[in-house]
Amino acid sequence: MTSHSGRGLSRRDALKTGLSAGIATLAAPGILRAQAPRELVIGGAASHKPWVETHVMPFFEKKYNCKITFEGTRSLVNLEKMQKNKDKPYLSIVQMDDPVMILAVKEGLLEPITAAKVPNMAKLKPGTVHMDGMWANYLQPWQGVAYNTNVLKTPPASWADALDPKFKGRIIVPSLQNTEGLPNLFMFAHLATGKPMAEAYKDIDAAFKELQKLKPNLLTVYSQMPQAFSLLEQGEAHMILGALSSFGMQRRLDGAPITMAAPKEGIFPVPSGIAVVKGGPNADLAFAYMNELLGAEVQSKIAGPTFAMPTNTDTPVPPGMPTDAKIHTIDWAFVAENRTEWVKRWDREMAT
Amino acid sequence: MNSMAGKRVIWLAVPALAFLAIFYAAPLFYLLARSFVGPSGFTFGLFSAFLADAYNWRVIGNTLRIAMLVTLVCLVVGYPVALALARARGFAQVILLTAIILPLSVGVVVKAFAWQIVLRRDGAIARLLVSTGIWDEPQRLLFTEPGLVIGAANVFLPFMILPIYSVVKLIDPRLWEAGATLGASPLYRFRKIILPLTMPGIISGMAFVFSMSVSMFVIPSLLMGDRFQTLATLTGRSFLLMRNEALGSATAVVLLVLAVSIVVGSTWLSRRIGRSA
């Protein structure tokens, strides 16, 4: 009984100390806030958070005397945030997938960039600035073929290797409803027609016919990427066509018996876009942020950890990345126009 | 006095009814309404377009076939377990009950991933079938319909066992003994005494399992993948990925109508059969 009340007293004391400490910490940022640097709010992907916080935030906040708030979510959510606050935007920068950028352009939500406002734009690889400067790609993670290294002793030389009957029931591809599912369609159009990719990719009919040949070899068509990689690591699947380097190479580093190959027909860059929000706060800071992300200094820091290729031509390609692979840029406007039809056809023709 | 108390007791259902009205009936009504609205007002167009497409009939077929198979497997496997559970006493009953209820606390995603390991070509089932000589070499089970039925039946089994068990528990054991005294064979006693008396449990168990398996979303997407669409996966995709609310509402309503009419219809039918038996 006595010990109980004793504990009660000390608890009250603890509470008091805690309260005053709490008030002190609450007050301190208040003082800081009084002389607060300007704030830049960025809407990006949840998966961007680690590298933004480690490599971009400290550097940028110091250089421009500002504060970055990073809201990590999904591209479509960022789009919604822009739509809902169109009259009074609070986001200054968005980092979203290219297909979603197209939707944002259509709704007039983005501010185009120029070389005057973003000087590093001039240093970018061809094909990385889209729709007259509406957005640019700051990195290119890539899609190639992931394979189990216990089963395949040499990397697949061609995407068509997956058609070999020895891989019966051993191949996985992403669903066409996933963004990463689209390149397979273009690659199969190329394999079917033998024409150069720039010409072949529009022949979707040929692609679907060629994909029929893949059906006996399919283990599954995934909509959840981690599941596909776990099947590959376990050896139930031997290859994933159109696998993401950011996922596959990370798993290899973690010790999984898988790696990525860049077959001779080439690989596809994954859309990592950045754009300035039209009418967003602190436009000067927004353009400065974009310029830094397109610059060699920041790109050399973030390309390695994200297993991506830099888009700035002055940035060295990180070790382990394909250096001489053909890179096919995806025509996202063509995708946006036709995707629903393709998904419909895919459902019917690829069904078990 | 008694009927007064009875009337007052009804108020106890108010919180649950209010909850259902706000979070179930209202969204359901919205969904129903949404599926009848086209660009120019009220229409059956969404449904006629949906049903005119042969592929969608295949999807409906997939949905119903899988749900019926899962229900059947659960019944065949679960019924004897329910009888055993009702007969078991003491420690054995505790073990049995725990074994049935504990798996409910494991999420569906975890179970689906576990089944992925079991159904692999080097998994336990394939090894067993090869070592017993039923298979010459390991075949693929993962991402096949039998694999899906096995996995889903595993998840829903408790919902078959528990309603049957609760009915079996109430059966007076002397009925069985009386039948034996009068010279009825065990099979005859089962058909004429146990089966009719457990019919209410069977009906509710089947209704539970069928409604859950006809609308399951996570299990088929993990155990079958994208190449096998059901009404539930088609609905999910329309809302989540294609942002086509109208199509999603239409598929959801088709699913709802099919599921409700099958559950209500089969319940009515089996009640009739139960009564005449």
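### Here's the deal with the packing of helix H5 (residues 90-101) of chain B against helix H8 (residues 145-168) of chain B
Residues and elements named next belong to chain B. Viewed as axis vectors pointing N to C, H5 and H8 meet at an angle of 140°, and their least axial separation amounts to 9 Å. Between H5 and H8, the angle falls in the class oblique. Mapping the contact onto sequence places Gln93, Leu97, Ile100 and Ile101 in H5 and Pro158, Ile161, Leu162 and Tyr165 in H8. The residue makeup of the contact of H5 with H8, split by class, is 7 nonpolar, 1 polar and no charged.

### Structural notes on the packing of aromatic side chains
Scanning the entire structure with this criterion turns up 15 aromatic pairs over all chains. A ring pair is formed by Phe19 of chain B and Phe23 of chain B, whose centres lie 5.0 Å apart and whose planes are at 45°; its orientation type is tilted. With Phe19 of chain B and Phe23 of chain B both in helix H2 (residues 14-34), this residue pair falls 4 residues apart, about one helical turn. The interplanar angle of 80° and the centroid separation of 5.9 Å between the aromatic rings of Tyr79 of chain B and Phe190 of chain B together place this pair among those described as edge-to-face. Of this pair, Tyr79 of chain B sits in helix H4 (residues 54-87) while Phe190 of chain B sits in helix H10 (residues 186-214); the two residues are 111 residues apart in sequence, bridging distant segments of the chain. Judged by relative accessible area, which is 26%, Phe190 of chain B ranks as partly exposed. Here the aromatic cluster, defined as three or more aromatic residues joined through ring pairs, consists of Phe186, Tyr201, Phe334 and Trp342 of chain A. Geometry around Phe334 of chain A places Lys202 of chain A over its ring, the cationic atom sitting 5.0 Å from the centre.

### Side note on the domain arrangement of chain A
Residue and element names in this part refer to chain A. Split by domain assignment, chain A resolves into domain 1 (34-140 + 271-310) and domain 2 (141-269 + 330-350). The centre of domain 1, based on its C-alpha atoms, is set 29 Å off from the matching centre of domain 2. Taken together, the 11 residues of domain 1 in the interface contact 12 residues of domain 2. Between domain 1 and domain 2, roughly 1100 Å² of surface is buried when both sides are summed, and carbon and sulfur atoms account for 74% of that area. It is Gln140, Pro271 and Phe307 that lose the most area in domain 1 upon contact with domain 2, and together they represent 51% of the buried surface on that side. Along the contact surface separating domain 1 from domain 2 lie 0 salt bridges.

### Focus: the nonpolar core
Counting residues in hydrophobic clusters, the biggest one holds 62 residues, and the most contacted among them are Ile240 of chain A together with Val70 and Phe156 of chain B. Top element by residues in this core is H8 of chain B. It accounts for 11 residues. Beyond its immediate sequence surroundings of up to four residues, Phe156 of chain B is in contact with Val70, Cys74, Val209, Met212, Ser213, Met216 and Ile219 of chain B. Of all hydrophobic cores here, the second largest spans 53 residues; its members include Ala162, Tyr201, Val221 and Trp332 of chain A.

### Digging into helix H5 (residues 182-193) of chain A
Residue and element names in this part refer to chain A. Helix length check: H5, at 12 residues, gives a terminal C-alpha distance of 17 Å against a target of 16 Å (1.5 Å per residue), a fit within 8%. Within H5, 9 of the 12 residues are buried, which leaves the element mostly enclosed by the surrounding structure. Within H5, burial applies to Leu182, Pro183, Asn184, Leu185, Phe186, Met187, Phe188, Ala189 and His190. After H5 finishes, the residue Gly194 shows a positive phi value of roughly 75°.

### Describing the environment of Leu231 of chain A
Structurally, Leu231 of chain A is set in helix H8 (residues 225-234). Judged by its relative accessible area of 0%, Leu231 of chain A is buried. In the structure, Leu231 of chain A is positioned 12 residues away from Leu219 of chain A in sequence and 9.6 Å away in space, judged by C-alpha atoms. Setting aside residues no more than four positions away along its own chain, Leu231 of chain A makes contact with Ile172, Leu219, Thr220, Glu236 and Ala237 of chain A together with Gln116, Leu142 and Phe143 of chain B.

### Points about the packing of H4 of chain B against H5 of chain B
Residues and elements named next belong to chain B. Running from N to C, H4 and H5 cross one another at 145°; their axes reach a closest spacing of 9 Å. Seen along the crossing, H4 lies across H5 with a hand that is left-handed. On H5, the residues that touch Val81, Ala84 and Leu85 of H4 are Gln93, Leu96, Leu97 and Ile100. Among the residues making up the contact of H4 with H5, the classes are represented as 6 nonpolar, 1 polar and no charged.

### Re the pattern of salt bridges
If you walk through the whole model with that rule in mind, you get 20 salt bridges over all chains. In this structure, the salt-bridge partner of Glu349 of chain A is Arg345 of chain A, at a minimum N-O distance of 2.7 Å. Placement of both Glu349 of chain A and Arg345 of chain A in helix H12 (residues 332-350) is noted, with a separation of 4 residues, approximately one turn of the helix. Among the residues examined, Glu349 of chain A registers a relative accessible area of 25% and is labelled partly exposed. Taking the relative accessible area as the measure of exposure, Arg345 of chain A reaches 25% and is therefore partly exposed. For the salt bridge of Glu245 of chain B with Arg34 of chain B, the shortest nitrogen-to-oxygen distance reads 3.6 Å. Of the two residues, Glu245 of chain B sits in helix H13 (residues 245-276) while Arg34 of chain B sits in helix H2, which places them 211 residues apart along the sequence.

### Considerations on unusual backbone geometry
All names here are of chain A. A positive phi is found at Met131, a non-glycine position, where the angle reads about 45°. Take Met131: it is sitting in the loop between strand E5 (129-130) and strand E6 (135-148). On the basis of relative accessible area, Met131 is assigned to the partly exposed category, the value being 41%. The phi dihedral of Asp132 is positive, around 55°, even though this residue is not glycine. Mapping Asp132 onto the fold places it in the loop between E5 and E6.

### Overview of the environment of Leu91 of chain A
All names here are of chain A. Assignment of secondary structure puts Leu91 in the loop between helix H3 (75-84) and strand E3 (93-96). The exposure class of Leu91 is buried, given its relative accessible area of 3%. C-alpha of Leu91 to C-alpha of Ile42: the two residues are 49 residues apart in sequence and 5.7 Å apart in space. Apart from residues lying up to four places away in sequence, Leu91 is in contact with Val41, Ile42, Gly43, Glu71, Asn78, Lys81, Met82, Val277, Gly280 and Pro281.

About the criteria used
- Residues numbered from 1 in each chain as written.
- Chains lettered and ligands numbered in written order.
- Predicted model: local features only at pLDDT ≥ 70, side-chain atom pairs only at ≥ 80, totals over all residues.
- Heavy atoms only, no water.
- Axes fitted to C-alpha atoms, helices over the stretch in contact; angles between N-to-C directions.
- Helix = DSSP H or I, 4+ residues; strand = E, 2+ residues; numbered from the N terminus.
- Parallel < 35°, antiparallel > 145°, perpendicular 65-115°, else oblique.
- Contact = heavy atoms within 4.5 Å.
- Nonpolar A, V, L, I, M, F, W, Y, C, P; charged D, E, K, R; others polar.
- Phe/Tyr/Trp six-rings, centres within 6.5 Å; stacked < 30°, edge-to-face > 60°.
- Buried < 20%, exposed > 50% of the residue type's maximum accessible area, 1.4 Å probe, protein only.
- Lys NZ or Arg CZ within 6 Å of the ring centre and 35° of its normal.
- Domains from an automatic or database assignment.
- Buried area = accessible area lost by both parts, 1.4 Å probe.
- Salt bridge = Lys/Arg side-chain N within 4 Å of Asp/Glu carboxyl O.
- Core = buried A, V, L, I, M, F, W, Y, C linked by side-chain atoms within 4.5 Å.
- Expected span 1.5 Å × (residues − 1).
- Left-handed = near helix turned anticlockwise from the far one by under 90°.

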